[in-house]
Amino acid sequence: MKKILSLLWVVFTVTLSNAQGTFPVNGSHDVRPKKYAVTNATIITSPSKTISNATMLVDGQKITYVGTNKNIPKGYVIYDMNGKYVYPSFIDAFSTYGVTQPEIERSNPWSSPQVFESPKKGAYNWNAAIRSETRAYKDFTIDEKK
C-alpha cells in the first residue's frame, strides 16, 4: 500500500510541476519552426560582392544557403523579394542607437516598475514587449558627440 501511495504521490507532483507549460512567454518569442526561403532578392554578402536574383535559405537562426539556382526544400515559407535588398547584419533590430529611450518614473531606482495594465490606447497585443506601432525610422536621430 505504501508503494502505491508513494507512486501516486510522485505522479501527482510531476503532473503539478508541469501544470504551467502553456503559460504565455513575456517577450517576442515563437516556438514554431522557422524555415524561410528568400527568393529573387539582391543579396549583398560583403562590401565587394553582390548576388542578383539570389536565394537565401534560413533555418532557425542560421543562414544555410546563399546563391542562385537552388531548389527550395519542402517546409520552407517562401518570400518573393523581387526588387528588394538583403544586407548582412548591417541593421541590429535590438539596438538602441539613435532611438530616444522613454523616461520612466520610478520610486525605487534599483527596481523595474510593475505594469498591470497597458498604457496603450486602442487595439494592442497582450504582451507589452511587442510594440508594432513603433516606427524606428521616424524616431531615429544620430547621436552627436559632445
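Look up: the structure comes first, before these words.
Residues numbered from 1 in each chain as written. Predicted model: local features only at pLDDT ≥ 70, side-chain atom pairs only at ≥ 80, totals over all residues. Heavy atoms only, no water.

1. Here we look at the nonpolar core
Point 1. Of all hydrophobic cores here, the largest spans eight residues; its members are Val38, Ala41, Ile43, Ile51, Ala54, Met56, Val58 and Val86.
Point 2. Every element with two or more residues in this core is listed here: β1 (35-46) and β2 (49-59).
Point 3. With four residues, the top contributor of residues to this core is β2. (Core = buried A, V, L, I, M, F, W, Y, C linked by side-chain atoms within 4.5 Å. Buried < 20%, exposed > 50% of the residue type's maximum accessible area, 1.4 Å probe, protein only. Helix = DSSP H or I, 4+ residues; strand = E, 2+ residues; numbered from the N terminus.)

2. Digging into the packing of aromatic side chains
Point 1. Evaluated as defined, the whole model comprises two aromatic pairs.
Point 2. Aromatic pair Tyr36 and Tyr79: ring centres 5.8 Å apart, planes at 40°, arrangement tilted. In this pair, Tyr36 sits in strand β1 while Tyr79 sits in strand β4 (residues 77-80), placing the two residues 43 residues apart along the sequence.
Point 3. Arranged with centres 6.3 Å apart and planes meeting at 20°, the rings of Tyr85 and Tyr87 form a pair that is stacked.
Point 4. The class for Tyr87 is partly exposed, based on a relative accessible area of 44%.
Point 5. Its guanidinium or amino end placed over the ring of Tyr65, Lys70 lies 5.1 Å from that ring's centre, counting from NZ or CZ. (Phe/Tyr/Trp six-rings, centres within 6.5 Å; stacked < 30°, edge-to-face > 60°. Lys NZ or Arg CZ within 6 Å of the ring centre and 35° of its normal.)

3. Some points on the pairing of strand β3 (residues 62-67)
When a strand is regular, its side chains alternate between the sheet's two faces.
Point 1. Inspection of the sheet shows β2 paired to β3 by five bridges, in the antiparallel sense. Bridge pairing in β3 links Asp59 to Lys62. (Pairing = 2+ DSSP bridges.)

4. Observations regarding a nonpolar patch on the surface
Point 1. On the surface, Met1, Ile4, Leu5 and Leu8 cluster together into a nonpolar patch covering about 470 Å² of accessible area.
Point 2. Examined against the element boundaries, Leu5 turns out to sit in helix α1 (residues 2-17). (Patch = residues over 30% accessible without salt bridge, like charges linked within 9 Å, V, L, I, M, F, W, Y side chains within 5 Å. Areas by Shrake-Rupley, 256 points an atom, 1.4 Å probe, with all protein chains shown as cover. Salt bridge = Lys/Arg side-chain N within 4 Å of Asp/Glu carboxyl O.)

5. Side note on the side chain of Thr55
Point 1. Inspection of the secondary structure puts Thr55 in strand β2.
Point 2. According to the relative accessible area criterion, Thr55 is buried, its value standing at 8%.
Point 3. Beyond its immediate chain neighbours, meaning those up to four positions away, Thr55 contacts Val38, Thr39, Ile43, Tyr65, Val66, Gly67 and Ile72. (Contact = heavy atoms within 4.5 Å.)

6. Quick notes on unusual backbone geometry
Peptide bonds are, in most cases, trans, and in most cases residues other than glycine have a negative phi.
Point 1. Although it is not a glycine, Asn40 sits at a positive phi angle of roughly 55°.
Point 2. Of the residues examined, Asn40 reaches a relative accessible area of 33% and is grouped as partly exposed.
Point 3. Although it is not a glycine, Asn69 sits at a positive phi angle of roughly 55°.
Point 4. Mapped onto the elements of the fold, Asn69 is located in the loop between β3 and β4.

Interpretation note: all reported values are geometric properties and have no functional meaning in isolation.
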